[in-house]
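# Survey of secondary and tertiary structure
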Amino acid sequence: MRQDGQVALTLLSVLCLLPTARSDEHDLPHDASAWDSSLGTILFLSISFLVGAITRHAITKFSPTFPYTVALLAIGMPFGFIFKYYKDYMRGYYGMIQIDPHLLMYTFLPVLLFESAFLLDIHAIKKSIGQILVLAVPGYILSSLLTAVVVMYLFSYNWSLNASMMVGAILSATDPVAVVALLRNSPGGRDVHHLSIVIEGESLLNDGAAIVLFNIFQNNAMSPCEGMNYSCYSNQTLVHFTAENFCENYMNCDDILPIHRQMCEKMSVESILVDIVLKTIGGPIFGILSGYIIVYWLGKVFNDYLTEITITVGSPYLIYFVSEMFLRSSGVLSVVVFGCVLNMNKMNISPEIETFLNKFWEQMGFLVNTIIFLVVGMIITYSALDNIEPTDIVYLFALYLGVSLSRSIMLLIFHIVLSKIGYGSTWQSASVLMWGALRGAVSLALALQVMHNTGFCLAMRSKILFFVSGIVVLTLLINSTTFNKVLSILGFCHISKAKRLAVDSATRDIMDSMNNLMEALKKDDNHTDSNWEEVMKICSIETIHKVKSDEDDNREAIEKLHDKVTACDNCESQVPVPLTKAELSEFFDESRNRVFKAFKISLWKQFDSGLLSKPALRFLDDMCDQTLDVRDKFIEFRDISSTWKTGRVLNYMKAFLEAWQKGRKQEEYPIPNNIHQYKIYKLVSSNVFDAFIMILIFINVVVVIVELTMSDKTCETVTLEGSGAGETFKRKTSLSRAFGYVNYAFNTLFILEMILKLIGQRRYYFYHKWNVLDFAIIIISLADSISDVFTSCNRTNFNFNVFRIIRIVRLFRCVRLIKWVLLALQKLIRDAIHESVSYGYDIGIGYIMASDEVLEHLDHIVAYQECRETFREKIQLTRDEVSDSLGEVRKEFHGISIAISTRQVTRQILNKGRETAWQLLDDGLVEDFDCALFTKQLEEKMKRLLANPSRWISPPDPYMMFSQAPWLKNVKEYIVYNVAKMSQHQMYNRGETFLKRGDIAKGVYLIISGRARVVHSLEHLNKSASKTNDLHSERNYSIQLACHHKPNDALGPGQIVGEQSILVNRPRGSYVACESDLQCYFISAEDMHCLMLRYPIIEENLWRLCSVRIAQSLLFKSKKYKTKKFDELKTICEHSVLATLVPETNNGIFEVDDIITDVVVIYGETRSFPSNTMVVGPKLVPEGSTKLCLATPCKLLIIISQEHDINIPQYEDDTTPDDPVIEREDNKSKRSLLRPGSNAELRSLSNQSLQNELKLSTVINCDPNPKTRQEYEKKRRLSHLKNIREASAEMIVNHGRNNSDSRLTPVELVAVDKKDE
């Protein structure tokens, strides 16, 4: 991402948020001096930033371990003296020193709190939250109480318990900025990292606790100063009184200040409890709610760094202000919890923005800490040294010891609890917690509030500010400067052998890459005059962790640590020296940490690239942290396999609804062959038609209900006009007649629906329970309508209640609406299952990709060989188990794998487009404005893809796939629809073999996506494996199918596999293995035989397709065609003629005419003359043959001379009838024995003209029975079908139905065949 204006944005944000001193003048004149105006505050901020930069640069260069904040404090203190004694000359520059303490907290505290919470290790916080809460709540209260005891009994000021507790609350609030910075830069391992998390987390929470306790005890500690006289006006009379009777007199004054009211009105226990609950519970709740609102907002923004950063800058201030001012809760806790919520949901931030956002908040924290510690140093020397006595200095050092002792006692008391929770605690870690408890800005801000509070005596306020400032200075000057030494003494700075070995390995990798580049540059003609010795001298680097006193720091010793040898005690041979248990454990832990770090980096890279979803990243990232917390543990299969396993309840509900919805009968029925029936079938099977009927039912039900509620207005009495006697009669009202007409209309529509369904679904209409129910209601409605027509209101025995009951029956039609309710419920359950499985599948794919990347770089990640092999074995085992399990998931939920793969591919392509646009901008090929437009367009697509990921994408429509197949391109639409209806979607995993040599194919496979490879092995083909007997021969003929693909040829989308074995019902001579995850549509062998029986054109096209492939391969091996390319031979074969010949035709003799250049025997046996050679298909007939004598029925591919002017593709076969009705034997037209290359809708040649052109009259004219070949084909196909069903123990059910779902059986042909037999 282009992050233009990063520095300007950072500085502008800080300058806008920092307070400036108020000016007494609204408008400054143009000639106003900077020394006399509040513009000096702006100059002060600028100088502070430069001082901070100079200080950091100096510390980095001369003493990298010296605390940065201590240096700022030391620099600020002299400036405090200067401003104090030269204020008349620099009054425009000390506005920050006189800042209101409340404004100080409102300005700086939200930034510091959010920055710490947002950049914390959230997993470590979750793990250590118990320890943090113990230290921040009961530990802080106990520490405050102990400090209060020290203050009461150490000082001679006679401060009250409330005042002492207030001081204890101020002094117990930790601010370990310097310590945390030192811990982060410490070379220690995870123990140091966990300590830094506990210290920083305690500081964040006890800041809130400190403010709560401080406010409580401050209100109760305020009191009049002894010996001081007070006065006020009471009833316009000046009244004087002393501290003893202050409250009694001051409450009668005319004007009571709020501070004086607080001095007299102490907080009750109930109000204190309410205040504590409101601040400790209300604050976090408000922070959580605000956090998730902002997280949702950030999730809607994509790659707009200005918007996202502005949201994170403004939100902490708003939350702190609303929490403190309006909700009266803890703003500190609200901001801390808010920062943790954003930290937990960082994946809602745009991946390209997150790194920059982290750097931005690090910069914000650095600038704010720079200003605040400079200001603290100046405030201490400017305000805290007034009214100080020499004994106060002694008290200060004694108080420092007392505060340290109080924290030590607190840690000792809670040590047992701390050691049992979180990451545990030792005496070393407790010592670090005690020594690292620095005091800082929060304590000083609270002390300044006391200084500005007139409810306390001036002397007391000065003392409190002095002691707090002194403790801040002492902890910073003593504790922070010696903290590294304490860590070293306690063993936290020890660099393990494993880490040094890993670092040394990284050093060698860096040097190797530099040396490789140097060798390449030496060969570059542009650098021949370079001084390579100087280059080597400058570019050489050494290991960064080198300790002279440690013998293992020797580079050669570390390199060969796992190859150490020693002399055997019994002989002089060298044997390996095994590592000790402690050394091996040390190497294992260090290497495991590095492996998991690399694993997490890979996961985040996947997320940044859009390949991994947010929930999956969150789960895997947490899983890495949780696994790393358990010693010697790795991620195992059972840890993540549960994510893609659906619950029992969902599975049961899904199965129940599907079973109830499906019922005993099948909802899908054989498609009618009549074209008009087929169109009606498609109409009544569409969702639009079903929705239209449901709307009609709903309207009808409403009309029936209205009609039943108006039964008293059914008849009316009418007087005959012109009748003197006033004769009357009853008739139906106009409203009743209108309802009757509406009823007739609805009945007519429902009858029309039934008729359409009967035409389209035929007898299968009554297999549907909803149709049976509707049929019964239609009968009752007809009876109701008929009775309504012949019923009159004048009949004496007319009872409308009887007909009302009949009409109520019509309401049962609304039961059909339940179908839609069940479908909606079924969809909800299915979506829930898909979402759950998609979530787990995404996790599994992310784990596999991360594992592959870690395994690829494992040699560089783990230096010790024994650990490396152990890790490789464990990671590979889990990776393979996950891959196998996902393969099963992919087969069951194929739409999920398609959706996730589609999303990943789409995101990668969009990423590439954006990178290309940026590269064009860098190369100067496009302007900034144009690049921004390109980027915006691509990122909008990324945003939509991220916001609405597809959970399920169905495979391509089978009808569309089969309609594009070469063997179905030119057949009728209803045939393709029937073929597609018979197909089943299947998926196979990479490396899986779904067709094996020596087996008869179970069906035909049409590849949708993926790659497969055909590997031929004809020598393993067993001719005796087939059980099928040819009807015209007692011998078994197994076709040895030639390589119709090139050796080891790859199969891709749109290609068909298994058709040859289906055509001849013989074992395969090759196997097909998946090179990638593969999707296909599968049609079983039984269904294929049924389809070929019903639609012979399918078999003819398949034979045509296979014959071209076989002949192409055979001709390619022939010397006659050695000059032809493989693709040219395909063109020749496609323009050839495919003939099916039987021995009964012309006494089994086929003459090879002059126009025939070659004949390929595809299937069967024949003898060629004059060579008298037996040709067994598939084989090319010997050149020079003039006559073939058929031994068995044969398939021949006759190649016509290209010089003969015959446009074979233009010949349209007349075997496909125009009327799509199943053909009977008695109405079939006479068919040619020759088959054209294609069925293109071009001009048609008659059979006689084609015979004359090809001069094959003996084949056709001498055929005594034109039906012989068709009968042979039909009987052979029925024989294959019979053998398949016998092998699978399946029986053909009466009327052409079997026990499989939605199978199409050729009823008529089977019946005719039985009659013929």
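Residues numbered from 1 in each chain as written. Predicted model: local features only at pLDDT ≥ 70, side-chain atom pairs only at ≥ 80, totals over all residues. Heavy atoms only, no water.

Along the chain, the position of D842 falls in helix α34 (residues 817–856). Residues D842 and S897, spaced 55 residues apart in sequence, show a C-alpha to C-alpha distance of 8.8 Å. With sequence-adjacent residues up to four places away left out, D842 is seen in contact with L611, L612, S613, A616, I900 and R903. (Helix = DSSP H or I, 4+ residues; strand = E, 2+ residues; numbered from the N terminus. Contact = heavy atoms within 4.5 Å.)

The subject of this paragraph is unusual backbone geometry. Here F1169 and P1170 are connected by a cis peptide whose omega angle stands at 10 degrees. Within the secondary structure, P1170 sits in the loop between β18 (1165–1169) and β19 (1173–1176). Unlike most non-glycine residues, D632 shows phi in positive territory, near 60 degrees. Turning to its location among the elements, D632 is positioned in the loop between α26 (614–629) and α27 (637–641). The exposure class of D632 is partly exposed, given its relative accessible area of 40%. (Buried < 20%, exposed > 50% of the residue type's maximum accessible area, 1.4 Å probe, protein only.)

With that out of the way, let us pick up helix α6 (residues 138–154). Taking 1.5 Å per residue, 17 residues should reach 24 Å; α6 reaches 24 Å between its end C-alpha atoms and fits that length. Every buried residue of α6 is listed here: G139, Y140, L142, S143, S144, T147, A148 and V151. If you follow the buried residues of α6, they end up packed against α5 (122–136), α7 (161–171), α9 (190–221) and α16 (390–413). (Expected span 1.5 Å × (residues − 1).)

An order of β16-β21-β18-β19 is seen for the 4 strands of this open sheet, with the pairing classed as antiparallel. Edge positions in the open sheet fall to β16 (1149–1151) and β19, since each of these has one partner strand only. The average undirected angle you get between the axes of adjacent strands in this sheet is 30 degrees. Two strands pair when backbone bridges link them, and β16 and strand β21 (residues 1187–1190) are joined in this way by 3 bridges, in the antiparallel orientation. Counted as the bridge partner of E1151 is K1187 from β21. (Pairing = 2+ DSSP bridges. Axes fitted to C-alpha atoms, helices over the stretch in contact; angles between N-to-C directions.)

Two side chains carrying opposite charge are able to pair once their charged atoms lie near each other. Taken as a whole and assessed by the stated rule, the structure comprises 27 salt bridges. Residues D625 and K600 are paired through a salt bridge, measuring 2.8 Å at the closest nitrogen-oxygen approach. One end of the pair, D625, is in helix α26; the other, K600, is in helix α25 (residues 581–608), and 25 residues separate them in sequence. On the accessibility criterion, K600 (22% relative accessible area) is partly exposed. (Salt bridge = Lys/Arg side-chain N within 4 Å of Asp/Glu carboxyl O.)

Next up on the list: the sheet that holds strand β9 (residues 1003–1009). Sheet strands associate in pairs through backbone hydrogen bonding, adopting either a parallel or an antiparallel arrangement. Within the open sheet, the 4 strands sit side by side as β7-β14-β9-β12. Their pairing is antiparallel. A single partner strand is all that each edge strand has here, and the edge strands are β7 (984–988) and β12 (1056–1057). Pairing of β7 with strand β14 (residues 1078–1084) involves 5 bridges; the strand directions are antiparallel. Each residue of the ladder has a partner; that of H985, found in β14, is Y1081.

Tallied over the full model, the rule gives 39 aromatic pairs. Here F619 and Y839 contribute two aromatic rings whose centre-to-centre distance is 6.3 Å and whose plane-to-plane angle is 80 degrees, an arrangement assigned as edge-to-face. Highlighted residues: F619 in helix α26 and Y839 in helix α34, separated in sequence by 220 residues. A ring pair is formed by Y765 and F766, whose centres lie 5.1 Å apart and whose planes are at 90 degrees; its orientation type is edge-to-face. Grouped by ring-pair contacts, the aromatic residues F155, Y157, W159, Y395, F466 and F467 constitute a single cluster. The lysine or arginine in question, K346, covers the ring of F118, its NZ or CZ lying 4.8 Å from the ring centre. (Phe/Tyr/Trp six-rings, centres within 6.5 Å; stacked < 30°, edge-to-face > 60°. Lys NZ or Arg CZ within 6 Å of the ring centre and 35° of its normal.)

On the surface, a nonpolar cluster with roughly 590 Å² of combined accessible area is contributed by F79, F81, I82, Y85, Y86 and L385. Locating F79 in the fold gives a position in helix α3 (residues 68–85). (Patch = residues over 30% accessible without salt bridge, like charges linked within 9 Å, V, L, I, M, F, W, Y side chains within 5 Å. Areas by Shrake-Rupley, 256 points an atom, 1.4 Å probe, with all protein chains shown as cover.)

The next subject is the side chain of R868. Within the element layout of this structure, R868 appears in helix α36 (residues 865–892). Polar contacts involving the side chain of R868 include one to the side chain of D859, which spans 3.3 Å. Setting aside residues up to four positions removed in sequence, R868 forms contacts with L858, D859, V862 and A863. (Polar contact = N/O pair within 3.5 Å; in protein donor to acceptor, adjacent residues only side chain to side chain.)

Spatial relationships are all this shows, so hold off on functional conclusions.
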